[in-house]
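# Observations on chain architecture
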Amino acid sequence: MLDDVQIVVEDLVKRFTLPTGSFVALDRVSFQVREGEFFCIVGPSGCGKTTILRILAGLETKTGGDVAIHYHANGRPRSAMVFQGEAVFPWMTVEANIAFGLRSQPMPAATRRDIVRYYLDQVGLTPFARAYPYQLSGGMKQRVSIARAFATDPEILLMDEPFAALDEQNKLLLQQELLRIWDESRKTVVFITHSIDEAVALGDRVLVMTAQPGKVKQVVPVDFKRPRHIPELRRDARFGELVYDIWSALRDEVSRARESRGSARGEESLP
Amino acid sequence: MSTVVERNGPRIVWRAREDTAGRVRFMTTRHREILMSIFSPLVVLIAWEVVVRANLVDARFFPAPTSIVGTFWALIRSGDLASAVGVSLTRIGAGFLMGAVPALVLGLGLGLSRMVRAFANPIIYALYPVPKVAILPLVMLIFGLGEMSKYVIIAIAVFFLVLVNTIAGVVQIDPIYFDVARNFNASRRDFYLGVVLRGALPAIFTGLKLAMGVALIVLVTAEFVGARSGIGVMIYESWQVFAIERLFVGLVVVSFLGYVLSLLLDELERLVIPWQRDRR
């Protein structure tokens, strides 16, 4: 094992039990994430990528295998999550939302205010400090969510498809913004997405998953130098090649999954 | 005016209607709305007056508004009205607090725990539909004819409505907010006050408003049956001595009380739930 490995996932198994029976969501998933690495997990919906993140965050239990996080216990939280969809509290102002994670950390009120002010500025929401989420657009709400996670200064940032609900223009803006903020701290990031494009644009390595049950297909290194400029990156021929390679790896899986589902339906309809 | 491209074929031209944005309006829509809602009760009052004066209804049962106004004034000057309203409002206030506060605390707890809810639900839903007026004799038996029995019966009525709505309010909170609270290590205080209570507040206010309406019904009924003062007593005694004008004054005051109390709750809601879109 390498020295700077921070997250070790070994033969992770997750089985969900439903009234209709149980199914395996994650089947012996193994990977390692280095400290300071931007690690992306990409896969079709239903491959269990969100489950991995929730297990890492301690919001979900594992059925088998091992998940370990090495961290420096220096008062910083182990991890902070940027959730999928609308996860900013609608009853709190932008300011209060960003301060939420800081409330559990002992610090003078002035320090807390400074941190909030800094991240408000980082995500460009200073004029909206006192606004409520209903007054914000989808992209602005996601910025609040990102600022809230960064503000706690966690060892690991967990991001669950944070830009999935945004339009193409906003998505690009926020991806670029995320890279800029991340560049300052170089925290360990585990970033979940179903967009191959996004994974390649942001990540140092991309873990490709297959669905039903969720398995690791391969891990693809992405060695574009940083800081990255995403529109420029997209013009790079190597970018297109990487995206194509990952897509080819996934394509067989996606069609296989669709066929098996189709045949399952066919069987059900038999008398 | 837009130009229409000449074409062969049927010469029918359709144009979009113009809006009124360019015109100068005498009043805004909001002002006209307010005027309309002042106007409607006036129409009813005038129609009532005319119908009575034309002898179309029996003035002994439906005295004209103008004759009620005289009695109203007399009751205000004697102080009878103020003391009746004071007594009734105190009962509503005390009963409301005694019912709503425990309902809120219990509702938050029940909303959070599925198991406790499963345990308590049969009890709640067996007691909830009992007409609260039906247990008034029992309450008077236990708490006597004094003020406490009025507080208690109002509290019981308020309790169930607030409880049921608080539970519903907590249950409908998106679980993602609980995940966020856990992920960011929220303290107990932040969790209960900052997430659970605030998330349930809109539903809690629905409960409080419903409870206010029911509290008025229960108040007047309780005062009919066993009280020496209050607005319900004023109405009931008026019936007994056939003081029809005074009876109507009582009715007007009760309806006005209900109106003012619901306005107060609306205002309070606006204050404590500033994150909701203006629902005007």
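Cut-offs applied
Residues numbered from 1 in each chain as written. Chains lettered and ligands numbered in written order. Predicted model: local features only at pLDDT ≥ 70, side-chain atom pairs only at ≥ 80, totals over all residues. Heavy atoms only, no water. Helix = DSSP H or I, 4+ residues; strand = E, 2+ residues; numbered from the N terminus. Rg over C-alpha atoms; globule rule 2.2 N^0.38 Å. Contact = heavy atoms within 4.5 Å. Buried area = accessible area lost by both parts, 1.4 Å probe. Salt bridge = Lys/Arg side-chain N within 4 Å of Asp/Glu carboxyl O. Nonpolar A, V, L, I, M, F, W, Y, C, P; charged D, E, K, R; others polar. Axes fitted to C-alpha atoms, helices over the stretch in contact; angles between N-to-C directions. Parallel < 35°, antiparallel > 145°, perpendicular 65-115°, else oblique. Pairing = 2+ DSSP bridges. Core = buried A, V, L, I, M, F, W, Y, C linked by side-chain atoms within 4.5 Å. Buried < 20%, exposed > 50% of the residue type's maximum accessible area, 1.4 Å probe, protein only. Phe/Tyr/Trp six-rings, centres within 6.5 Å; stacked < 30°, edge-to-face > 60°. Lys NZ or Arg CZ within 6 Å of the ring centre and 35° of its normal. Domains from an automatic or database assignment.

## A short note on the overall build of chain B
Secondary structure summary: chain B contains ten helices and zero strands in total. Reading chain B from its N terminus to its C terminus gives the helix and strand order α-α-α-α-α-α-α-α-α-α. Computed over the C-alpha atoms, the radius of gyration of chain B is 27 Å, more than 25% above the 19 Å expected from 2.2 N^0.38 for a compact globule of 280 residues. Considered along the principal axes of its C-alpha atoms, chain B spans approximately 90 × 70 × 35 Å.

## Some details on the interface of chain A and chain B
Quoted interface sizes are often the accessible area lost when the parts come together. With 26 residues of chain A at the contact, the number on the chain B side is 19 residues. For the chain A and chain B pair, buried surface summed over both sides reaches about 2100 Å², with 62% attributable to carbon and sulfur atoms. Inspection of the chain A/chain B interface yields two salt bridges. The residue D179 of chain B makes a salt bridge to R54 of chain A at a minimum N-O spacing of 2.7 Å. At three residues, strand β5 (residues 79–82) of chain A tops the list of elements feeding residues into the side of chain A that touches chain B. A breakdown of the residues in the side of chain A that touches chain B according to their chemical character gives 16 nonpolar, six polar and four charged.

## Some thoughts on the packing of helix α3 (residues 109–122) of chain A against helix α5 (residues 168–185) of chain A
Residues and elements named next belong to chain A. Following both chains from N to C, one finds α3 and α5 inclined at 140°, their axes separated by 11 Å at the closest point. Between α3 and α5, the interaxial angle falls into the category oblique. Facing Y118, Y119 and Q122 of α3, the residues of α5 in contact are E177, R180, I181 and E184. Among the residues making up the contact of α3 with α5, the classes are represented as three nonpolar, one polar and three charged.

## Things to note about the sheet that holds strand β2 (residues 21–34) of chain A
All names here are of chain A. Read across the open sheet, the three strands follow the order β2-β1-β4; overall the sheet is antiparallel. Since the sheet does not close on itself, it has two edges, and those belong to β2 and β4 (64–69), each with one partner. Adjacent strand axes in the sheet meet at a mean angle of 20°, parallel and antiparallel pairs treated alike. In the packing of helix α1 (residues 49–56) onto the sheet, the strands contacted are β1 (5–18), β2 and β4, and the crossing angle to β1 comes to about 115°.

## Re the nonpolar core
One finds F31, F38, I41, L178, F191, V200 and I246 of chain A to be the most contacted residues of the largest nonpolar core, which totals 133 residues. It is helix α8 (residues 188–226) of chain B that provides the largest number of residues to this core, a total of 15 residues. The next biggest cluster of nonpolar side chains, apart from the first, holds 16 residues, and it includes I231, V249, V253 and V254 of chain B.

## Thoughts on the packing of aromatic side chains
Applying the stated criterion to the full structure yields 21 aromatic pairs over all chains. Ring centres of F159 of chain B and F160 of chain B lie 5.3 Å apart, and the angle between their planes is 90°; this geometry places the pair in the edge-to-face category. Owing to a relative accessible area of 9%, F160 of chain B belongs among the buried residues under this scheme. Geometrically, the ring pair formed by F191 of chain B and Y192 of chain B is edge-to-face, given 5.3 Å between the ring centres and 75° between the ring planes. What makes Y192 of chain B partly exposed here is its relative accessible area of 36%. Aromatic ring contacts, followed pair by pair, group F89, W91 and F100 of chain A together with Y177 and W275 of chain B into a single cluster. Positioned above the aromatic ring of F16 of chain A is the side chain of K14 of chain A, whose terminal nitrogen or guanidinium carbon lies 5.0 Å from the ring centre. In this arrangement the basic side chain of R60 of chain B is found over the ring face of F61 of chain B, its NZ or CZ atom lying 5.6 Å from the centre.

## Observations regarding the domain arrangement of chain B
Residue and element names in this part refer to chain B. Here chain B is described as being made up of domain 1 (20–62) and domain 2 (65–272). Between the C-alpha centres of domain 1 and domain 2 there is a distance of 32 Å. With seven residues of domain 1 at the interface, the matching set in domain 2 holds six residues. Between domain 1 and domain 2 lies a buried interface of about 570 Å² when both sides are counted; carbon and sulfur atoms form 72% of it.

## A closer look at the pairing of strand β8 (residues 205–210) of chain A
Residue and element names in this part refer to chain A. Counted residue by residue, β8 has six buried out of six residues, so it is predominantly covered. Covered by surrounding structure in β8 are R205, L207 and M209 together with V206, V208 and T210, the residues of both alternating faces. Bridge count for strand β3 (residues 38–42) against β8 is four bridges, and the pairing is parallel. Residue pairing across strands places F39 opposite R205, the latter belonging to β8. Sheet topology note: the β8/strand β9 (residues 215–221) ladder contains six bridges and is antiparallel. Its bridge partner being in β9, T210 is matched across the sheet by K215. Between β8 and β9, which pair antiparallel in sequence order, lie four residues; one of them, Q212, sits at a positive phi of approximately 50°.

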